[in-house]
2 protein chains.
Amino acid sequence: MEVFQLIQGMARTDGNLIQSADELDKAIDHIIQLIQDACSLYFMGSYPSSVFLSITACEEVAKAHIGSYSDGESSEQKGRNAFRNHKTKHQMAALPTVPMGQRLEDSLGKVELRRIMNMAQNGGFAQTRESALYFQRENGNLVVPSEKIEKQLARSMVLFTIEVFDDALRGMTNHSCKMSDITDALFEQVKNT
Amino acid sequence: MEVFQLIQGMARTDGNLIQSADELDKAIDHIIQLIQDACSLYFMGSYPSSVFLSITACEEVAKAHIGSYSDGESSEQKGRNAFRNHKTKHQMAALPTVPMGQRLEDSLGKVELRRIMNMAQNGGFAQTRESALYFQRENGNLVVPSEKIEKQLARSMVLFTIEVFDDALRGMTNHSCKMSDITDALFEQVKNT
């Protein structure tokens, strides 16, 4: 798997990004806040801002997960840190175990789930996070985020992000299990919209 | 003024970022949504996400304002577009007319207002937007956004951003005047917290 090669290529040092269970719990609380914000904005109908925060939460899950045993530096390319590269973080978030969760496939459908995984793996998230924040000219027209990002994508992204969190971090600490109760409840709420 | 030199140095072309009143109104609606999101998250106590969206709204105001008569390309440095540079957008948002509004000084106080203007002009917004989204190691400790960004900064940033919008775009179209009623009401709500 390409993503595993990428992770294997990261240097092992004594300076991991996350260095204790307490630090991991702090990072988890931050991720939960981002997920809650993404859900709140989704329920308020502000889909682009919601998508942006979902993607940010995916990035932070990848950092907390892989950062527990790496500092993100590449062993082959000095000075390139995986945790500072949006596309790399999106790839590390979309591990092949994520779409194996039955609830995600049940909520999104196979085709939509494949589309979101494909976006995460091939630069689509990086493009989407820009379109979610900024207006720009495209083929002679001014295009604003609300024209690019609709309810369905915001719904898919929140559910996907919760599953990414669940897949990578649930069970790592006692605190992560408690926090999963919050994200499980949010998953059900968003799923039923 | 440095910021005016910067704006004067931008090339005049037929390809302005904003090319009609309708396009400006579309951009304004997008900015209003960002301001409303920043306010909602502020009232929910999610201060870092609120600050990030306030800064994004400032960037979009600068683009809509200066983009009405420029495409953002520098006439001196080819290939450098002001609308793709965070620091430049922050400088263009913090025009010297912004702190002249009495309501902003009344709400923030002179010292805090000077601090925010200074942040916008000297790269502080660029640093803050990163600290608002991402956890990172600092001097041997893991630091999360909620430790860096507190209620006071989130309040100042929302009020500052509303004034930036008001100063740059209110009165440009009929629609902008209607939208200012929304931001005026938000200003009062946030001011009284």
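These numbers come from a predicted model, not from an experiment.

**Q** What's the story with the packing of helix H2 (residues 21-43) of chain A against helix H9 (residues 151-169) of chain A in this structure? I'm lost.
**A** Each pair of packed helices gets described by two things: the angle between the helix axes and the distance between those axes. Residues and elements named next belong to chain A. Running from N to C, H2 and H9 cross one another at 165 degrees; their axes reach a closest spacing of 10 Å. By the angle between their directions, the pair H2 and H9 is classed as roughly antiparallel. Classified by chirality, the crossing of H9 by H2 is left-handed. In this structure, H2 uses Leu24, Ile28, Ile31, Ile32, Ile35, Ala38, Cys39 and Tyr42 to contact H9, whose residues at the interface are Lys151, Ala154, Arg155, Val158, Thr161, Ile162, Phe165 and Leu169.

**Q** Any chance you could explain the layout of surface pockets here in plain terms?
**A** One simple way to see leftover space: roll a probe sized like a water molecule over the atoms. If you add up the space inside the largest pocket, you get close to 970 Å³. Looking at the largest pocket, it is lined by 37 residues, and the ones nearest its centre are A:His86, A:Arg129, A:Glu130, B:His86 and B:Arg129. Taken together, the residues of the lining of the largest pocket sort by class into twelve nonpolar, nine polar and 16 charged.

**Q** What's the story with the interface of chain B and chain A in this structure? I'm lost.
**A** Size of an interface: often given as the accessible area lost when the parts come together. Listed by partner, the interface residues are 37 residues for chain B and 37 residues for chain A. Summing both sides of the interface, chain B and chain A together bury roughly 2,900 Å²; the carbon and sulfur share of this comes to 61%. Ranking the residues of chain B by area buried against chain A places B:Tyr134, B:Phe135 and B:Arg137 at the top, with a combined share of 23%. Joining chain B to chain A, the criterion identifies four salt bridges. Residue A:Glu147 pairs with B:Lys26 through a salt bridge whose shortest N-O separation is 2.9 Å. The tally of links between chain B and chain A comes to 24 residue pairs in polar contact (both at pLDDT 80 or more). Breaking the side of chain B that touches chain A down by element, the ones donating at least two residues are helix H2 (21-43), helix H3 (47-66), helix H4 (86-93), helix H7 (124-133), strand E2 (141-143) and helix H8 (145-148) of chain B. Looking at the side of chain B that touches chain A element by element, the count peaks at nine residues for H2(B). Looking at the side of chain B that touches chain A residue by residue, the class counts come to 16 nonpolar, eleven polar and ten charged.

**Q** Looking at this model, I keep getting lost on the pattern of salt bridges. Mind explaining?
**A** Side chains carrying opposite charge are able to pair once their charged atoms draw close together. Residue and element names in this part refer to chain A. This structure, assessed with the given rule, holds 28 salt bridges over all chains. Note that Asp184 is salt-bridged to Arg103, the shortest N-O span being 2.9 Å. In this pair, Asp184 is assigned in helix H10 (residues 174-191) and Arg103 in helix H5 (residues 102-108), connecting sequence segments 81 residues apart. With relative accessibility at 23%, the residue Arg103 sits in the partly exposed group. Connected through salt bridges with shared partners, the residues Arg103, Glu163, Asp166, Arg170 and Asp184 form a single ionic network.

**Q** Is there a simple way to think about the environment of B:Ser40 in this case?
**A** All names here are of chain B. With respect to the helices, strands and loops of the structure, Ser40 is situated in helix H2. Classification of Ser40 by relative accessible area gives partly exposed; the value is 22%. When the C-alpha positions of Ser40 and Ser50 are compared, they lie 7.9 Å apart, and in sequence the two are ten residues distant.

**Q** Would you mind going over the nonpolar core with me for this structure?
**A** Side chains of a nonpolar character, in soluble globular proteins, are inclined to be buried together. Counting residues in hydrophobic clusters, the biggest one holds 126 residues, and the most contacted among them are A:Phe160 and B:Phe160. With near-sequence residues (within four places) excluded, B:Phe160 lies in contact with B:Cys58, B:Ala94, B:Val98, B:Leu104, B:Leu113, B:Ile116, B:Met117 and B:Phe125.

**Q** Sorry if this is basic, but what is going on with the packing of aromatic side chains here?
**A** Under the defined criterion, the tally for this structure stands at seven aromatic pairs over all chains. Taken together, a centroid distance of 5.7 Å and an interplanar angle of 55 degrees make the contact between A:Tyr42 and A:Tyr47 tilted. Judged by its relative accessible area of 3%, A:Tyr42 falls in the buried class. An aromatic cluster is defined as three or more aromatic residues linked by ring pairs; in this entry it consists of A:Tyr42, A:Phe43 and A:Tyr47. Here A:Lys63 stacks its cationic end above the ring of B:Phe135, 4.2 Å away from the centre of that ring.

**Q** Quick question: what am I supposed to make of helix H6 (residues 110-121) of chain A here?
**A** Each α-helix turn comprises 3.6 residues. Residues three or four places apart therefore point the same way. All names here are of chain A. Over its twelve residues, H6 extends 16 Å from the first C-alpha to the last, a length consistent with the 16 Å expected when each residue adds 1.5 Å. Listing the buried residues of H6 in full gives Glu112, Leu113, Ile116, Met117, Met119 and Ala120. All buried residues of H6 fall inside an arc of 160 degrees around its axis, so they share one side. Opposite the buried face of H6, by more than 90 degrees, sit the exposed residues Lys110, Val111 and Arg114. Next to the buried residues of H6 lie helix H4 (86-93), H5, helix H7 (124-133) and H9. Where H6 ends, the next residue or the one after it, Gly123, has phi of about 85 degrees, a positive value.

**Q** Honestly, empty space enclosed by the protein in this entry has me stumped. Any pointers?
**A** Residues and elements named next belong to chain B. Inspection of every chain in the model, using the stated rule, returns one cavity of 30 Å³ or more. Of the voids in this model, the largest cavity is the one considered here, and its volume is about 40 Å³. Every residue lining the largest cavity is listed: Val61, Ala62, His65, Met92, Ala93, Leu95, Val98, Val164, Asp167 and Ala168. Listed by contribution, the elements that provide at least two residues to the lining of the largest cavity are H3, H4 and helix H9 (151-169). Looking at side-chain class alone, the lining of the largest cavity contains eight nonpolar, one polar and one charged residues.

**Q** What is the right way to read the relation of the copies chain B and chain A from this model?
**A** To go from the first copy of the chain to the second, apply a rotation about an axis and then a shift along the same axis. Superposing chain B onto chain A takes a rotation of 180 degrees plus a shift of 0.0 Å along the axis, which leaves an RMSD of 0.0 Å. Both copies of the chain, as the preceding transformation shows, are related through a two-fold rotation axis. The overlap is high: 100% of the interface residues of chain B also sit at the interface in chain A, so the same surface is used on both sides.

Thresholds, definitions, all that
- Residues numbered from 1 in each chain as written.
- Chains lettered and ligands numbered in written order.
- Predicted model: local features only at pLDDT ≥ 70, side-chain atom pairs only at ≥ 80, totals over all residues.
- Heavy atoms only, no water.
- Axes fitted to C-alpha atoms, helices over the stretch in contact; angles between N-to-C directions.
- Helix = DSSP H or I, 4+ residues; strand = E, 2+ residues; numbered from the N terminus.
- Parallel < 35°, antiparallel > 145°, perpendicular 65-115°, else oblique.
- Left-handed = near helix turned anticlockwise from the far one by under 90°.
- Contact = heavy atoms within 4.5 Å.
- 1 Å grid on protein atoms, 1.4 Å probe; cavity = no way out; pocket = protein on both sides within 12 Å on 5 of 7 lines; lining within 4 Å.
- Points joined across faces, edges and corners; volume = space filled by probe spheres on them.
- Nonpolar A, V, L, I, M, F, W, Y, C, P; charged D, E, K, R; others polar.
- Buried area = accessible area lost by both parts, 1.4 Å probe.
- Salt bridge = Lys/Arg side-chain N within 4 Å of Asp/Glu carboxyl O.
- Polar contact = N/O pair within 3.5 Å; in protein donor to acceptor, adjacent residues only side chain to side chain.
- Buried < 20%, exposed > 50% of the residue type's maximum accessible area, 1.4 Å probe, protein only.
- Core = buried A, V, L, I, M, F, W, Y, C linked by side-chain atoms within 4.5 Å.
- Phe/Tyr/Trp six-rings, centres within 6.5 Å; stacked < 30°, edge-to-face > 60°.
- Lys NZ or Arg CZ within 6 Å of the ring centre and 35° of its normal.
- Expected span 1.5 Å × (residues − 1).
- Arc of directions from axis to C-beta.
- Least-squares fit on C-alpha atoms with pLDDT ≥ 70 in both.

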